[in-house]
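Per-entry structural report
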Amino acid sequence: MKYVVFFVALLIFASFRVFSSEESEDFFEEEGDYFDLESIFEGAEDISEPLAAEESETEEKTEKSALPFFVPLKFSGRIAAEVGLAFVRDDGENDYTGYLDFSHYLAFDSRLDKTIAVHGSLKTARPSGQWLELYELYVNYLMLDKIYICAGKKSTVWGNTRIFSDANDEFYDNDTDAHYTNILYDSIDSLSGVVTIPLWTGTVTAVALYDGNATSPTSDDISVALSVEMIVKKTSVNVFARRFPSEDGARATKHQNPILGMELKRTIFGFDVYAQELSRIQDVSAIKSAFSSRGSDMSAFSRFVSTLGIYRWWNIDFFDAGFNVEVQDVFAPNAEEDKHSDKIALNAGVSRLGKNRNIKVGTTWKHDFFDKKGLLKLGVSVSDIFPHASWRTGVEWDYDKEKSKIILGTYIKINMNY
């Protein structure tokens, strides 16, 4: 019971990172502040930014050397420790627990010239993860000044959906298809190859993923995905698809129904509005029948997942404020009952409060109308109370139709970038 309470406390403390509003494109900010109110709503990149670095910067790094060759190498990292306490009231019973978390990220980047770059990173996360693991290691290559190639171990994100995009979110443990809105959710666990080609007003991107050990895998063992994204009259239009390993191949345990989807995004009166329609195809041969019957025969599809999101961020003289809300409907056309399942999620916050502009207030709310359960988090963060230290405190309410759990927590976070 103590370990379970400790783990739940860890989740709420991690969630309070919603109150960090520092914008950064480096590996450590993206990995460390999942609920950053500004960064989580930025457009996901299919390829890495280092390929677009200015030539002047590259020339400065590629110095002459008396050795046969010189490889410029840059290291960077972040180390953080969190210590706190929590009060837990679970189903009428009171409990107390301590909280301790340690993380460290060490990354290196190397660029020999404007055509090739290498990125790698090591990650430590205790007690929730490993003491040391190779998180990413990949090479970026620019061919003919137009074609972007990436190969190795890396995390690739497609789509604009933010809140309903985490395949590891335990809140939706019984509804895996619904939060696979990033169809490359498992890319970090695979060897991946990515090719991106500019076309008209957008790009065409192809991805191949393989998580086995064979040196010569067959096509049945590889997962492939394709995305065609264009800007049409100030609206981003993205059509995408993914095929998983065959159920008859060596990676049969990784087999899933193919995914076909479409996504739209447009800015309207300063609000970013985006929508995604995702379908799971259980019988490819029956797709033609779905069109010819004008939708009355839906035997080709096992699921439709529709997600609508709105984001807005305001930079005001005395403070910053923003919100991101998403609603989602999951439709199982061939189910005998309970064909629809609806959910809503909200991230919102205000920053730069107080005399020293170092206070942030935020909230996260998720509710499942079908299972009649929800999760509400409220928190406050005060930065720079000591050098390299911030204080965070908050409350979490985890509820369903039978019982509820309340957690009150507070902790100190010490971190250093280098």
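Starting from 1, residues in each chain are numbered consecutively following that chain's sequence as written. Local features in this predicted model are restricted to residues whose pLDDT is 70 or higher, and side-chain atom pairs enter the listing and the counts only when it is 80 or higher, whereas totals over whole chains, interfaces and linings include all residues. Note that the side-chain values use all heavy atoms of the structure and ignore hydrogens as well as water.

**Observations concerning the overall build of the protein**
Helix and strand definitions here come from DSSP, where helices need a minimum of 4 consecutive H or I residues and strands a minimum of 2 consecutive E residues; each element is numbered from the N-terminal end. Along the backbone of the protein there are four helices and 18 strands. Throughout this description, buried means an accessible area under 20% of the type-specific maximum (1.4 Å probe, protein chains only), exposed means over 50%, and partly exposed covers the range between. Here the protein holds 418 residues, and the buried ones make up 43% of them. Whether two residues are in contact is decided by their heavy atoms: any pair within 4.5 Å suffices. Look at the contacts in the protein between residues 6 or more apart in sequence, and 52% of them connect residues 24 or more apart.

**A word on the environment of asparagine 324**
Topologically, asparagine 324 is positioned in strand β13 (residues 320–331). Taking the C-alpha atoms as reference points, asparagine 324 and isoleucine 163, 161 residues apart in sequence, are found 8.4 Å from one another. Within 3.5 Å is the distance limit for a polar contact, defined as a pair of N or O atoms, with the added protein rule that one can donate a hydrogen and the other accept it, and that residues adjacent in sequence qualify only through two side-chain atoms. Looking at asparagine 324, its side chain comes within polar contact range of the side chain of tyrosine 274, at 3.0 Å.

**Description of a nonpolar patch on the surface**
Note on patches: the residues involved have over 30% relative accessible area and no salt bridge, like charges join within 9 Å, and the nonpolar side chains Val, Leu, Ile, Met, Phe, Trp and Tyr join within 5 Å. To be clear on the numbers: accessible area is Shrake-Rupley with a 1.4 Å probe, and residue cover counts the displayed protein chains and nothing else. Counted as salt bridges are all cases of a side-chain nitrogen of Lys or Arg within 4 Å of a carboxyl oxygen of Asp or Glu. There is a patch of nonpolar side chains on the surface, built from Ile79, Phe102, Val118, Leu122, Trp131, Leu132, Leu134, Leu137, Met416 and Tyr418 and spanning about 890 Å² of accessible area. Counting only elements with at least two residues in the nonpolar patch, the list comes to β3 (116–126) and β4 (133–143). Tracing the sequence through the fold places leucine 122 in strand β3. Residue classification places leucine 122 among the partly exposed positions, given a relative accessible area of 33%.

**A short note on the packing of aromatic side chains**
Only Phe, Tyr and Trp rings take part, Trp by its six-membered ring, and two of them pair if their centres are within 6.5 Å. Stacked means planes under 30 degrees apart, edge-to-face means over 60, and tilted covers everything else. Taken as a whole and judged by the stated rule, the model has nine aromatic pairs. Taken together, the aromatic side chains of Phe271, Trp314 and Phe323 make up a single cluster linked through ring pairs. Residue placement shows lysine 154 over the ring face of tyrosine 138; its charged tip is 5.2 Å from the ring centre. Each ring is checked for a lysine NZ or an arginine CZ that lies within 6 Å of its centre and within 35 degrees of its normal; such an atom marks a charge sitting over the ring.

**Things to note about the pairing of β4**
Pairing between two strands requires that DSSP report at least two bridges joining them. In this structure, β3 lies alongside β4, joined through eight bridges in antiparallel fashion. If you follow serine 121 over to β4, its bridge partner there is glutamate 136. The loop that links β3 with its antiparallel partner β4 comprises six residues.

**A closer look at the environment of glycine 159**
When you line up the elements, glycine 159 lands in the loop between β5 (147–153) and β6 (191–199). The spatial distance from the C-alpha of glycine 159 to the C-alpha of lysine 265 is 9.6 Å, given a sequence separation of 106 residues.

**Looking at the pattern of salt bridges**
With the rule as written, the count across this model stands at six salt bridges. Two residues, lysine 254 and aspartate 211, come together in a salt bridge whose shortest N-O distance is 3.6 Å. On the criterion of sequence distance, the pair formed by lysine 254 in the loop between β9 (235–243) and β10 (259–268) and aspartate 211 in the loop between β7 (202–210) and β8 (223–232) is long-range, its members being 43 residues apart.

**Observations concerning the nonpolar core**
If you look at the biggest cluster of nonpolar residues, it comprises 15 residues, and the most contacted ones within it are Trp158, Ile183, Leu184, Val207, Phe240, Ile259 and Leu278. Look past the residues within four positions of isoleucine 183 in its chain and what remains in contact with it is Trp158, Phe240, Ala241, Arg242, Ile259 and Leu278. Working definition of a nonpolar core: buried Ala, Val, Leu, Ile, Met, Phe, Trp, Tyr and Cys residues. They are joined through side-chain atoms within 4.5 Å. Within the second largest apolar cluster, six residues are counted, among which are Ile281, Ala286, Ala290 and Phe304.

**Here's the deal with the pairing of strand β1 (residues 74–90)**
Bridge count between β1 and strand β2 (residues 93–113): 17 bridges; the pairing is antiparallel. Residue pairing across strands places lysine 74 opposite aspartate 109, the latter belonging to β2. Direction of pairing for β1 relative to strand β18 (residues 404–417): antiparallel, over a ladder of 13 bridges. Its bridge partner lying in β18, isoleucine 79 is registered against methionine 416.

**Examining the confidence of the model for the protein**
Here the protein averages 82 in pLDDT, while 80% of its residues score no lower than 70. Per residue, pLDDT captures the predictor's confidence, and it can take any value from 0 to 100. Counting interchain partners and residues more than four positions distant, the pLDDT-below-50 stretch residues 1–66 has 159 contacts.

**Examining the environment of threonine 196**
One can find threonine 196 in strand β6. Overall, the relative accessible area of 4% leaves threonine 196 in the buried class. Measuring from C-alpha to C-alpha, the distance between threonine 196 and isoleucine 147 comes to 5.9 Å, with 49 residues separating the pair along the chain. One polar contact links threonine 196 to threonine 205, side chain to side chain, over a distance of 3.3 Å.

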